[in-house]
Each structure stands twice: as C-alpha cells, then as structure tokens.
Amino acid sequence: MKAILGPTNTGKTYFAIERMLAHSSGMIGLPLRLLAREVYQRVAERVGAHAVALVTGEERVVPPKPRYWVATVEAMPVGMPVECLAVDEIQTAIDFDRGHIFTDRILNARGISETLLLGSATMAPMIRALLPNAEIIHRPRFSELTYAGSKKTSRQPARSAIVAFSANQVYAIAELIRRERGGAAVVMGALSPRTRNAQVDLYQNGDVDFLVATDAIGMGLNLDIHHVAFADDTKFDGRQTRPLTPSEFGQIAGRAGRHARNGTFGVTAGAAPFEDDLVVALETHDFEPVKVLQWRNNQLNFASLNALRDSLERSPDHRALTRVPIATDQQALDFATRHEAGQLAKGRDSVALLWEVCQTPDYVGISPAAHGEIVNRIFTDLIRRQSVGEDWIAEQVRFCDNISGDIDTLSYRIKQIRTWTFVANRKNWLQDPTHWREKTRDIEDRLSDALHQKLTQRFVDRRTSVLIRHLKDRRMASPEINDRGEVSLEGHLIGTLEGFRFTLARTEGGVDAKALQSAAEQAVAPEIRNRADRLSGAPNEEFVLASDGRLRWRGEIVGEIVEGDTLLRPRVLVLADEALTGTELERVQDRLGLWLRHHVNTVLEPVVALEAPADLEGTARGIAYQLYEHLGLIPRQQVADEVKALDQDVRGKLRKLGVKFGAYHIYVPMSLKPAPRELALILYALKNGGVRQPGVSDLPHIVLSGRTSIEIDPEVAPKLYEIAGFKVAGKRAVRVDILERLADIIRPLIALDANRPHEGELPAGAAEGNGFRVTVEMTSLLGCSGEDFASILTSLGYRVRRTPKPAQPAEAAAGTSGETPAPTAEAPSAASEDVATAGEPAAFSAEDNNAVETAPDTAAEPPVAATDAAPETDAKPAEPEFDEVWSPGGRRNEGRRNNQPRREGQARRQDRPQGKPQRGDGSGEAREGGRPDKRRGKGKPQRHDANQGRPPRERREPAFDPDSPFAALAALKSGKSD
C-alpha cells in the first residue's frame, strides 16, 4: 500500500493511471463524475473501450469483460477483486456529506497487488495513524505558485479562473466578464458533466479567455489556467456559511500553472486581500494537517429497522475517526420508517432493500421530506410490484422532458432527471431498465445541450463585450445622450440617464444585466458630475415641483420632497446614483433646498405672512396663525367665537393682510388660486398619508380647470377637498369662493318677503315668507342642478317646502304678477302662482325631488297641500309638478313653542346659517320672519291653522263679488295677460 501525497500539479492522478494500466486489472475511484468520465476516455484510448468500464451513480458503461474499472468513489464495486486499486483525493474524507465514504475506502478498499491512496500532504498524519504499514510518498509540485495581490474583475489577465461560491455570484461575475472582456465559460458542480465539458471546451479552445467557477475546479480538472482569482473567501457547506480553510484555498489556487508553467493567485470583486501567513502557506503548500476523518459503520445489521439504525449510530473505536453527522440517506431512512415503507420493511431482505433505496442521492435538494417521498414510493413499489411503477416514473420523466426555459429552470430539470437516471441504473428496480437508461440519458443530454446554449448566449456576447471594453479606453469619445436621456456608445444603447440616475438597458433575451451596472456607470459618471455643476448654478425658472412631490430640473426628476419639521418647511431628498457623492451631492442638496424654500415662500406668500404679523395682537394674531397653520383656509364655525370678539378696526387689519370673512369660511382669497392649492395639497399630504394617496394628484387639475363644484369621490379624504379650496356639501364639493357668492345671492332673497309690498319688480327667486326659489343664476354658478343642487342647499342648513301646483288654464299660468287673488287665504294662492314668474328656472321633476329630504311644514305652506296632491295623482297619469321654496332652517324658538310672538326684526336677520343646523343647537339667525312656526307635528299635514281655511278638494273657479277689490284686481290682471 502506498499513499501518494502532495499539492496540486504533482501528477498524482497520472501516476495512478499508469500504475493501474501496468497491471492486468485495476480500479480507480474519483471524487467527481466529470473527472471519472475524463479518466475513462483517457483509459479507453489506451486499452480500448471494450476493456474498460465506467460506473457512476447515473451512468453505467460496462462491456462484457472489462479489465479496468473507472468509477466515482461512491459507486466503486469494492467487492470485485482487481490487481491495482486507487482512490483519488482522499482528503475529501473530512467532508461532512461524503467524507465517511472516502474514509471507508481508505480503510477497506484494497487491490490484490497494489493499493494507491492519492491526496493532499495534509493527510500524512491520518495515514500514519490509521495505516501504519502504508508507504508515504511525497511528490513536489511541478511549477511555482505566486501571490499576485488584488485586481478588479475587469483587469484580470487572460487565461484566468475567477472563483466564487454561489450560483448568483458566478452568474454576476460571468455577466461582467462578458461585457468587459468578451465572454466567460462557467463551471459549477450543479451542472451536468456534459454541460461542464462543453463549457470547459469553450475555454480550452480559446473561444473565451476567462473561466468563472465554483470550487468544483479544485478537484481533478486539468485546465490551462494561468491565474486564479478569488471573488470571495467564504462558502456555504450545506450547513453553514464559513470561511475557507487554507487547504481549501490551496486546492483551488493550485489549479493555476499546470505542468511546468508557473501560476499566480489573488483576489478580486471586493474580496479582502490575503494575510501574509496565508500567502506563505499557499506559496509553500504548507497547511495544517488533518486531525480527524468522518466515519460511519459499514457493518450494518439488517435484522430490523431499529437494528439498522443502531448500527448506523455506532461510534468509531479510533480517536482519529469521528462519527459523521446524519447524512441524506439516514434522513431518508428516518422519513421512510415513519411512513408506509416502515410498515413494509419487516425482514432482513426488505430492510436491506430499503437501505439501498435510501442511497438514492438527493440531487434536487429541496427538502428531506420531498426526497423522502420519492424514497418511500420507490420502496413500496419494489415490495408490492417488484419494480417501480412504469406510469409513475414515466410521469416524472415526462415532466423533465422540456428544453425550454432559462438557466435556472434547465438546471433544476437536470437535477430532477439525474434522480431518475440514477434509478434507471439500479439493478432490478425497473421492468425495462435499458429503455429508461436510454430515455433518461437522452433527456439529460438534451437538457445539458440546451443549458450550454443558454450559458453561452448569456455569458459570451462579443458585440456587447467589445462595446463595454471601449468604456475603459481613454481615447474613446464620451457617451452620447439624446433628448430622451438614452445613453449610447458607437450607436449601441447602454441605458438611460434621468437626472442623476442611470438605468441599465435590458439585454437581449429580456435578461436584466445587473452586473453591467457598475461598468456602465463609469461612462456616465462624468456626465452626472457635469449635471451637478450645471444644476448648482441653475436659475429658479428651471425647477418645477409636480403634484406627485417629485422635483424636476429641466423636465428630469432630480429629487422629491419629504416631511419636514413643520408643515411649511419640507425637506428635499436628492434622487441620485452612487456616482454623485461628496461635494457635488452637497451642492445639489443645497441648491434644491434653497429653491424649495423660495418656492414655498413665493407661492404661499399671503399665508406665510400670517405666521407672525407685526401689527396684530391677541385674538386676531391667533386667528392669523391658525390660517397659517391651515394653509389659508378655516371653516368659520371653527373660530366663530374668536371672530365675534373682533372689532372693526382689527378686522380691517386682517383684511389688509388678505383675509376675507365669509359666511362659511375665513380664508385668504389669493391662496385659492391653482398654484397655492396644489402646493398646499402636497405639503398637507406629506404629514397626512403621503402624496401617493388618492386625490393629491387629481384635485390640482380640477382646481386648474376652473370647475366650481365637483362630485365627491369616496376614495378621497374629505380633508383633501378642504385643502384644495372646496367645501363638501351634500353630494358635491363646492369651491369656497363660489359658495360665498351663492350666499351673496341668497342673502337678499331671504331678507325679502314677496307677500309684503315691494317697490318695483321682485327679484328672480324671491318667495313669500322670506324664502327663495332656485334660479338659473344659482345653478349656473355651481355647475349643477336638480338633486345635486338640492343636496348642497340641504347640507348648508336650508329646508325646502314643496307644494303641488294647482292645475290652471294656460292663461292663468302665464301671468306675470307675483300674487293671485283667492277667495279664502292669500298665502296659498301666492305660493302656487309664483312658480310661473319670469325669473323662475325650470321646475325640478317630481322624480328628482322625491330624493330630496323635505323639511317640516312652514307657516306659508297650506295645510291641505299634501291631501290636495293625492287626487291629482290619481286623476292624471302625469306626475304632479311642485313648487319648491327654500328657507333657512334654524332651531325653533322655545318661546314660540308656547305661542309667544316672534321678536320684531327677527325675520330680517341676514346672516347666513353656518353649516346644517341641528334642532336644538341654539342657531336661529336666519329664521323666517312673520310666519308662525308650523314645524311641530312633522308628517301631519292636515293640522288646521287659525288664519287659513282648508281649500276645497274640487277645482272650481273663484266667484267674486263684483264690488269687491279682489274682482277689480282679477280684472286688472286679466287685462295685462291679454
């Protein structure tokens, strides 16, 4: 027995092959399927394919009478006697997952004439401890290995291998190399051997000068590598992320400098430079020796499942050995024992078969439970059917038979098909194993070819790599940027630049080349710095604050405003890439902050002036500050008591500051313009829900359009309408200034009683009892009518009195007088005739008015109005027309409830009601005058009034005494009509 030990590039594997072929028979165990395939081909070329067999977990090429066996260590047929037996890379015995198998081969696998153990010099103490009779032969390295320090990934020399330890990192580096240097081959342990061979050929044939790989290149891959660069110094070993050991660094770094050519190693991609002691160890190949090997008992007891588990958990007797942690096969056994397989495994043979099935590798590695389900199904089929179900395995294989998809998808399918390839290569597991071996091999080959094609398309792109290589050329012209912000070099689009942010263009095939970002930013970094200089000296006219809170410079987004200490003191957040740093970033931040302060103070100047006015004190100063806090608009009822306390001089001072005292709001008219309202919305939203909430971007457009009222959107917060300069009234939101104009129209109408003498013609909308009728002027002012307009009036505290219009001849209906003599009571007739006056707008339809909330009966309403309408409806199919008279709806006076007379002058109050008054709220400023309060007994229209009689139900022409004044008045009216 000989132990051939030494660092990489010492010819150990070559020596073992020569020694094996010197015997009449032999066997060599290798750590990787890929390496086993490579050695098999080399041996087949020497002795012929008929004399050599290849056995791996997923592949069996066994001629009738082979003399030499090439296998992976796990698949070695150790029971077969051969003259020479060799085991390569024995230092793998320290691995938690596979180490116990290598340890078993070291202790138990023997050739008849010669046994060779090949590995690192760190295994010497273990060989001496476990195999004291073995001859240890140290072989020196053929070439020297030198540390080259740290270099950027884009500056690595040709024929370099860049090593990373995750698929994402490998892809990112390969993507960068593709852009920078013309492309890279990719080698990872997760790739199928066929794909890895194809990628290695790309590198070996000179199609690419770079190889990006995991530590899979550390074992057995003999490539023309001049330099090895480590992109990371940690790896995930299946259980935890840990630093690489010096020996692991040496195994990988030793790939550089094959045969007599010296090699170098170093770091890149942000990896920390190596410490001096590590550099010395790598250059001298002097590493800490291995102290313990992973071990698991190979003398298993298949009498029962419990006996098998006990034998697996046996501890080693030698102190140089340690029991391996629970491996994948033991996890599968535990899962199967808890399920159906555990009930079927009752005898020695069935327990042994279950353990054999548990040896199925978990290539996919999703979860122990998923792998355990596969093991459980295979075993139950073997017990019940003596073979795995054809339909089931056909379904599994059919799922993998799809060569479409991206790199990750194809890699996943290859892992899956490798499981079924392994199953197909087991003896007596399938009814037609030859068919399934060919089927799974064909699918794996096609998937491997498709994966190789995808890897080549993604990581070998000469056109783009030449483009980015020019980015490093100082003689190359600066990037061209068009009006749309597209950045191009020599006609090739590399991305877009908006403000200070660069967005990389998507690559062909729809894959976003994130790894290209840093390289492309080097081209646009000078332009970003130039833009920062230009922005720092830009005039105010070049900046715009949009309704989405984004700050634009020359139409491009350069920042956004964020919440500040106070409502009117927001801050600016610069939106820029990492290329904008240091003093350039500070200058941009200062300039944008200065503009924002100027913008707020300019647009909201009338509001800002109210923060601390010098000539105001006490209550007036408090009202001014509240206007400042509320962005120039306060509901009057909110400060009603304070306003009442102001004398005319103080009010005059507030008016000089631009404050207006309206019926419903105290506000600054100059702040109701579109620009101040848009800014006010943004500032308010920053502290209340954010600028992305509904309404912040939409309401400024409505304000700018000049609409006087809008329909309420339930998704928009009511407070936003107020900030935008609207008051929510009923179903609509009405502009504050328009609402005040409406109040100015209604105020003189409710101060006028059409039943009393009046000089000249009555104004449009005048009605009896200090009420008013809706006019075209009102509806045109608010831009709505019908039910919407009625809902506004109702919300403002007005109440409607609706009386049916009596059916009269057309001549009578066309009269222009505001009154019609009646034989009984004057008020009912006047109310019905006023509907036809020239200034009255089109009456609301009964359908619209039925939805309007009707107030209790007022004094001017005939007590028989409701009863008179019923016969009309029954008699005619047409819906009746109504006369609507609106009047303020204040609270009833307690004294009038006791039939006490209304105080003189009470009906003439002209102050507009604040909001919709509630009964009992003490508000009575706009109550009608001269009318007894009839609102008690709502819903009882047949109460009798002492001053009015019930009109007859039948329609009849009034008969007058020819000598009465009513007859003269009727004749005069008839003459005017004619």
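Rules used in this analysis
- Here the residue numbering is sequential within each chain, running from 1 through the sequence in written order.
- For this predicted model, a pLDDT threshold of at least 70 governs which residues receive local features, and a threshold of 80 or more governs which side-chain atom pairs are given and counted, while totals over whole chains, interfaces and linings are taken from all residues.
- Side-chain numbers come from the whole structure's heavy atoms, not from hydrogens or water.
- A pair of Phe, Tyr and Trp rings is counted when the ring centres sit within 6.5 Å of each other, with Trp represented by its six-membered ring. The angle between the planes then sorts it: under 30 degrees is stacked, over 60 is edge-to-face, the rest tilted.
- Runs of E in the DSSP output that reach at least two residues are strands. Runs of H or I that reach at least four are helices, and both are numbered from the N terminus.
- When a residue's accessible area, from a 1.4 Å probe over protein chains only, is under 20% of the maximum for its type it is buried; when over 50% it is exposed; and in between it is partly exposed.
- Pairs of strands are assigned from DSSP output, requiring at least two bridges between the strands.
- Residue contacts are counted whenever heavy atoms from the two residues lie within 4.5 Å of one another.
- For every element, the axis is a line fit to its C-alpha atoms; helices are fit only across the contacting stretch, and the angle between N-to-C directions ranges from 0 to 180 degrees.
- Joining through side-chain atoms within 4.5 Å is the link that ties buried Ala, Val, Leu, Ile, Met, Phe, Trp, Tyr and Cys residues into a set, and such a set is a nonpolar core.
- Here, a salt bridge means any Lys or Arg side-chain nitrogen found within 4 Å of an Asp or Glu carboxyl oxygen.
- Expected helix span is taken as 1.5 Å per residue step, with the number of steps being one fewer than the number of residues.
- Relative orientations are named as follows: roughly parallel for angles under 35 degrees, roughly antiparallel for angles over 145 degrees, roughly perpendicular for angles from 65 to 115 degrees, and oblique for any other angle.
- Should the near helix be turned anticlockwise from the far one by less than a right angle, the crossing is left-handed, and should it be turned clockwise, the crossing is right-handed.
- In the scheme used here, Gly and all other residues not listed as nonpolar or charged are polar, with Ala, Val, Leu, Ile, Met, Phe, Trp, Tyr, Cys and Pro taken as nonpolar and Asp, Glu, Lys and Arg as charged.
- One confidence number per residue, pLDDT, is output by the predictor and ranges from 0 to 100.
- Patches here are clusters of residues that have more than 30% relative accessible area and form no salt bridge, with a 9 Å joining cutoff for like charges and a 5 Å cutoff for nonpolar side chains (Val, Leu, Ile, Met, Phe, Trp, Tyr).
- Accessible surface is estimated by sampling points in the Shrake-Rupley manner with a 1.4 Å probe; for residues, cover comes only from the protein chains shown.
- In summary, the charge assignment counts Lys and Arg as positive and Asp and Glu as negative, without counting His or the chain termini.
- In this description, the location of a charge corresponds to atom NZ of lysine, CZ of arginine, CG of aspartate or CD of glutamate.

Let us look at the packing of aromatic side chains. For any pair of aromatic rings, the description rests on two quantities: the centre-to-centre distance and the angle between the ring planes. Considering all chains together, one arrives at 11 aromatic pairs under this definition. Residues Phe230 and Phe249 carry aromatic rings whose centres are separated by 5.1 Å and whose planes lie at 75 degrees to one another, so their mutual orientation is edge-to-face. Of this pair, Phe230 sits in strand β13 (residues 227–230) while Phe249 sits in helix α7 (residues 246–253); the two residues are 19 residues apart in sequence, bridging distant segments of the chain. Each of the two residues, Phe230 as well as Phe249, counts as buried.

Next up on the list: the sheet that holds strand β28 (residues 660–661). Taken in spatial order, the 3 strands line up as β27-β29-β28 in an open sheet, and their pairing is antiparallel. The open sheet has two free edges, formed respectively by β27 (633–635) and β28, since each of these has just one partner strand. In the sheet, β28 pairs with strand β29 (residues 665–667) via 2 bridges, with the strands oriented antiparallel. In the strand pairing of β29, Lys660 is matched with Tyr667. Across the sheet, helix α21 (residues 618–629) touches β27 and β29, and the angle it forms with β27 is around 110 degrees. Helix α27 (residues 736–750) rests against β27 and β29 of the sheet, and its axis sits at about 125 degrees to β29.

Formed by 69 residues in total, the largest nonpolar core has its most connected members in Leu592 and Leu699. Ranked by the residues each element gives to this core, the list is headed by helix α24 (residues 674–687), at 8 residues. Dropping the residues within four chain positions of it, Leu699 is found in contact with Leu681, Ile710, Val716, Leu720, Tyr721 and Ala724. With 57 residues, the next largest nonpolar core counts Ile173, Ile177, Leu354 and Leu447 among its residues.

What follows concerns the pattern of salt bridges. Inspection of the entire model under this criterion finds 44 salt bridges. A salt bridge links Asp329 to Arg296; its shortest N-O distance comes to 2.7 Å. Of the two residues, Asp329 sits in helix α10 (residues 328–337) while Arg296 sits in the loop between β17 (293–295) and α9 (305–312), which places them 33 residues apart along the sequence. Asp329 sits in the buried class, given a relative accessible area of 8%. Across the pair Lys731 and Glu787 runs a salt bridge, and its minimum N-O distance is 2.1 Å. Placement of the pair is Lys731 in the loop between β31 (726–729) and β32 (732–735) and Glu787 in helix α29 (residues 786–795), with a sequence separation of 56 residues. Using a relative accessible area of 39% as the deciding quantity, one classes Lys731 as partly exposed. Owing to a relative accessible area of 24%, Glu787 belongs among the partly exposed residues under this scheme. Linked through salt bridges whose partners overlap, the residues forming this network are Arg33, Arg194, Arg441, Glu444, Asp445 and Asp449.

Bringing the sheet that holds β13 into the picture now. The 6 strands lie next to each other as β9-β16-β13-β10-β12-β11, forming an open sheet whose pairing is parallel. Bordering the open sheet on either side are β9 (145–150) and β11 (185–187), each of which pairs with just one other strand. For this sheet, the mean angle separating the axes of adjacent strands, direction not counted, is 25 degrees.

Examined against the element boundaries, Ile634 turns out to sit in strand β27. A residue is classified by how much of its surface remains accessible, and Ile634, at 0% relative accessible area, is buried. The residues contacting Ile634, other than those within four sequence positions of it, are Ile623, Gln626, Leu627, Val639, Tyr664, His665 and Ile666.

Over its 18 residues, helix α13 (residues 368–385) runs 25 Å from end to end, which matches the ideal 26 Å to within 8%, given 1.5 Å per residue. Taken residue by residue, α13 has His371, Gly372, Val375, Asn376, Ile378, Phe379, Thr380, Asp381 and Leu382 as its buried positions. Residues of α13 that are buried in the fold lie against α10, α11 (340–344), α12 (348–358), α14 (390–400) and α15 (407–424). Of the residues flanking the end of α13, it is Gln386, one or two places downstream, whose phi is positive at about 70 degrees.

So, about the packing of α10 against α13. Two elements in contact, α10 and α13, have axes separated by 9 Å at closest approach and are oriented at 70 degrees. Classed by the angle they form, the pair α10 and α13 counts as roughly perpendicular. As α10 packs across α13, the resulting crossing turns out to be right-handed. Mapping the contact onto sequence places Thr328, Gln331, Ala332, Phe335 and Ala336 in α10 and Pro368, Ala369, His371, Gly372, Glu373, Val375 and Asn376 in α13. Here the contact of α10 with α13 is composed, by residue class, of 6 nonpolar, 5 polar and 1 charged.

Located in the positive-phi region is Asn428, a residue other than glycine, with phi close to 65 degrees. Here Asn428 shows up in the loop between α15 and α16 (433–459). The exposure class of Asn428 is exposed, given its relative accessible area of 66%. Even without being glycine, Leu631 reaches a positive phi, approximately 60 degrees. Tracing the sequence through the fold places Leu631 in the loop between α21 and β27. With a relative accessible area of 1%, Leu631 lands in the buried category.

Here the focus is the confidence of the model for the protein chain. Averaged over every residue, the pLDDT of the protein chain is 80; the share at 70 or more is 80%. At the level of individual helices and strands, the protein chain shows its lowest average pLDDT in helix α32 (residues 846–849), which scores 33, and its highest in strand β6 (residues 84–87), which scores 96. For the stretch residues 810–876, pLDDT sits under 50, and the model shows 131 contacts to residues farther than four places along the chain or on other chains. This model gives residues 891–956 a pLDDT under 50, and the stretch forms 139 contacts once residues within four places in sequence are excluded.

Here the focus is a nonpolar patch on the surface. Nonpolar side chains collect at one region of the surface, where Ile366, Phe399 and Tyr412 lie side by side and expose about 320 Å² of accessible area between them. Position of Ile366 relative to the elements: it lies in the loop between α12 and α13.

Here we take up a negative patch on the surface. A cluster of like negative charges, contributed by Asp698, Glu711, Asp713 and Glu715, occupies part of the molecular surface. Structurally, Asp698 is set in the loop between α24 and α25 (699–705).

To continue, consider the side chain of Glu444. Locating Glu444 in the fold gives a position in helix α16. Judged by its relative accessible area of 2%, Glu444 is buried. Dropping the residues within four chain positions of it, Glu444 is found in contact with Arg33, Ser192, Pro193, Ile417, Arg418 and Thr421.

Moving on: the packing of α9 against α10. Relative to each other, α9 and α10 sit at 160 degrees, their axes nearing to 12 Å. Relative to α10, the element α9 lies roughly antiparallel. In the packing of α9 onto α10, the handedness of the crossing is left-handed. The segment α9 lies against α10, with Leu305, Leu308, Arg309 and Leu312 engaging Gln330, Leu333, Asp334 and Thr337. Along the lines of polarity and charge, the residues of the contact of α9 with α10 split into 4 nonpolar, 2 polar and 2 charged.

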